[in-house]
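Okay, here's what each chain looks like letter by letter:
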Amino acid sequence: MVDVRIPLKDLAAQYRALEAELEPAFREFLASGQYILGPPVEKFEREAAEYLGVGYCVGVGSGTDALLIALRALGVGEGDDVVTTPFTFVASADVIVRLRARPVFVDVDAETLNISPGAAAEAVTGRTKVVMPVHLYGLPADVTAIAAAIPGIPILEDAAQAIGGEFAGRKVGSLGAGAAFSFFPTKNLGAFGDGGLIATDDGTLADIARRLRVHGAVSKNYPEEIGYKSRLDGLQATVLSIKLKYLDAWVARTRGLVARYRERLAPVEGVALLAEPANCRPAYHQFTVRATRREELRPFLAGEGIASAIYYPAAVHLTPAFANLGYGAGSFPEAEKAAGDVLSLPLWPEMADEQVEEVCAAVAEFYGR
Ligand SMILES: Cc1ncc(COP(=O)(O)O)c(C=O)c1O
């Protein structure tokens, strides 16, 4: 086994860079005696709302819970359809099933791998309660085109992978009726555990989400409805408040690294790059290419000490958990094709330019052999 010299992400590098700022904040938090919700969470919710340009943010236990609670706050329940992409992390779709609603998948655009606005519009029926685009790999989906194609149907952005991105000059997460973010450690804004956030301009939606995260109760021990137990904890909020100040710089840095990757890999036959539409400013969570002979390329890179990953090896509709929806092989050709050739290469904000050069040289060497 060759040692991994260039990992997919190096989370400890970010900790080292921020250690001097984080540790006194931890100590203050630990001495505070209040560990769940409370002042650090309220502070972070205000800062995040200001950053995103939305009226309200509600911190919850994970990105998955942010989706679940936001969908439920939008009224999704039994008998409803939610239109979304089959080429995403399973959480985007499993929350729909957990609400006893039905995921209605539509194919992705071949160039961006984000949901195709035209296909989304065609899938909308009287049962459609919400349309949920996913900003895959941090590349903003065209929410404006989707909204124009489906007037009157709320859009919930699955922005788990895309905090810091912009579409047509507006922050991802401020484009629809609501948005869900994840602070899973590898994400653009990563906590030291699980965490999530709902963003919205709708005060009623925010109130419902606040209630649902604490068992459905506004006043303790007197629930109005059955809710969940899903709060952002204060330690994570403390970390996130500190890290949020650096997010734009990290996004700019990863965009620079991706620009370098794109320039070096564009001439390499065997690699195809995803489109980067002019009206958006991606916040790259992954740098993902389409790679011919992917299954040979991966071990070759591993032999050079370079990590890689496949997000995602199967379109959601072809996984066993979603088999009962009745889709099959061939239902969404672009998503299925992507599952067969996408490859994510190392990318994190502290990555050195030389490391990108090394990865590109190894990829070029593989295809040049
Ligand atoms: C697109 C997408 N949606 C939802 C989630 C769920 O977020 P979490 O892992 O915080 O529950 C993730 C991340 O894992 C994701 O990538």
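Worth saying up front: this structure is predicted, and the values here are computed from it rather than measured. (Residues numbered from 1 in each chain as written. Predicted model: local features only at pLDDT ≥ 70, side-chain atom pairs only at ≥ 80, totals over all residues. Heavy atoms only, no water.)

**Remarks on the domain arrangement of the chain**
Along its sequence, the chain is carved into domain 1 (11-105 + 115-242) and domain 2 (247-368). Between the C-alpha centres of domain 1 and domain 2 there is a distance of 25 Å. Across the domain 1 to domain 2 interface the summed buried area is about 2800 Å²; carbon plus sulfur atoms make up 67%. Of all residues in domain 1, the largest losses of buried area upon contact with domain 2 belong to Phe87, Phe105 and Tyr137, amounting jointly to 28% of the total for that side. The interface formed by domain 1 and domain 2 holds zero salt bridges in total. Between domain 1 and domain 2 we count twelve residue pairs in polar contact (both at pLDDT 80 or more) in total. Of all the elements in the fold, those that place two or more residues in the side of domain 1 that touches domain 2 are helix H1 (11-32), helix H4 (91-98), strand S3 (102-105) and strand S6 (166-167). Tallying contributions element by element places S3 first for the side of domain 1 that touches domain 2, with four residues. (Domains from an automatic or database assignment. Buried area = accessible area lost by both parts, 1.4 Å probe. Salt bridge = Lys/Arg side-chain N within 4 Å of Asp/Glu carboxyl O. Polar contact = N/O pair within 3.5 Å; in protein donor to acceptor, adjacent residues only side chain to side chain. Helix = DSSP H or I, 4+ residues; strand = E, 2+ residues; numbered from the N terminus.)

**Quick word on the site of the ligand**
Near the ligand there are 15 residues, and of these Gly63, Thr64, Asp158, Ser182 and Lys187 occur at the shortest range. A distance of 2.5 Å separates an oxygen atom of the ligand from a polar side-chain atom of Thr64. Residue Gln161 places a side-chain N or O atom 2.8 Å away from an oxygen atom belonging to the ligand. Relative to its free-state accessible area of 390 Å², the ligand is covered by the protein chains to the extent of 92%. Those elements that place two or more of their residues in the shell around the ligand are helix H3 (63-73) and H4. Here the element with the most residues in the shell around the ligand is H3; it accounts for three residues. (Near = heavy atom within 4 Å. Areas by Shrake-Rupley, 256 points an atom, 1.4 Å probe, with all protein chains shown as cover.)

**Observations regarding the pairing of strand S9 (residues 196-200)**
Among the five residues in S9, five count as buried, and that is most of the element. Of the two faces of S9, the one lined by Gly196, Ile198 and Thr200 and the one lined by Leu197 and Ala199 are each fully buried. Two strands pair when backbone bridges link them, and strand S8 (residues 178-182) and S9 are joined in this way by four bridges, in the antiparallel orientation. Note on S9: the bridge partner recorded for Ala180 is Ile198. (Buried < 20%, exposed > 50% of the residue type's maximum accessible area, 1.4 Å probe, protein only. Pairing = 2+ DSSP bridges.)

**Examining unusual backbone geometry**
Cis rather than trans, the peptide bond between Tyr311 and Tyr312 has omega equal to 15 degrees. Looking at the element boundaries, Tyr312 is found in the loop between helix H9 (294-303) and helix H10 (333-341). The phi dihedral of Tyr137 falls on the positive side, at around 60 degrees, and the residue is not glycine. Located in the positive-phi region is Arg293, a residue other than glycine, with phi close to 55 degrees. For Arg293, the location among the structural elements is in the loop between strand S12 (287-291) and H9. When its relative accessible area of 40% is taken as the criterion, Arg293 is described as partly exposed.

**Brief notes about the side chain of Ser174**
Turning to its location among the elements, Ser174 is positioned in the loop between strand S7 (170-171) and S8. A relative accessible area of 7% means that Ser174 is categorised as buried. Every residue in contact with Ser174, bar those within four places of it in the chain, is listed here: Leu52, Gly53, Val54 and Glu157. (Contact = heavy atoms within 4.5 Å.)

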